[in-house]
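Geometric and topological summary
Residues per chain, in single letters:
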Amino acid sequence: MGHDISGYAQKGSAEIAYLRRGAGNPLNDAIYKALGAEQYYAGCSGNGECVYFARPVIEAASGKLPDSEDLAPERQFIADLLAHGGSDGSWIGFY
């Protein structure tokens, strides 16, 4: 079990960003908190929804992640969304 979080420029398009955190990892909720998406956190995994996030929300999430080496995967996920996502925002699937 774990959190597989995928980013897409458009719903149903190819994956542009990916983040994996194990169910027992104490950092598995960091990306949810940074995005203000705690409602998609289902404990041992995401709740299975794919949701649109406006670009300003994704940009703000970057600033909410502490600058620690442990959160480098989360920062890379956000960077990939910003670099390859839509100009207005991106879809994120919480699996």
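Here's what I pulled together on the structure shown here.

About the thresholds
Residues numbered from 1 in each chain as written. Predicted model: local features only at pLDDT ≥ 70, side-chain atom pairs only at ≥ 80, totals over all residues. Heavy atoms only, no water. Buried < 20%, exposed > 50% of the residue type's maximum accessible area, 1.4 Å probe, protein only. Helix = DSSP H or I, 4+ residues; strand = E, 2+ residues; numbered from the N terminus. Pairing = 2+ DSSP bridges. Salt bridge = Lys/Arg side-chain N within 4 Å of Asp/Glu carboxyl O.

A separate point is the pairing of strand S1 (residues 2-8). With six of seven residues buried, S1 lies mostly within the body of the structure. Summarising the sheet, S1 and strand S2 (residues 15-22) pair through seven bridges and their orientation is antiparallel. Within S2, the position partnered with aspartate 4 by the bridge is arginine 20. Here S1 hands over to S2 after six residues, with glycine 12 in that stretch at a positive phi of 85°. For S1 and strand S4 (residues 89-94), the ladder comprises four bridges, and the chain directions are antiparallel. Residue serine 6 lies in a different strand from S4, and its bridge partner there is glycine 93.

Overall, the coordinates contain five salt bridges when judged by the stated rule. Among the ionic pairs, glutamate 74 bridges to arginine 21, the shortest N-O distance being 2.7 Å. On the criterion of sequence distance, the pair formed by glutamate 74 in helix H3 (residues 72-84) and arginine 21 in strand S2 is long-range, its members being 53 residues apart. Arginine 21 carries the same exposure label as glutamate 74, and that label is buried.

That is the geometry; function is a separate question.
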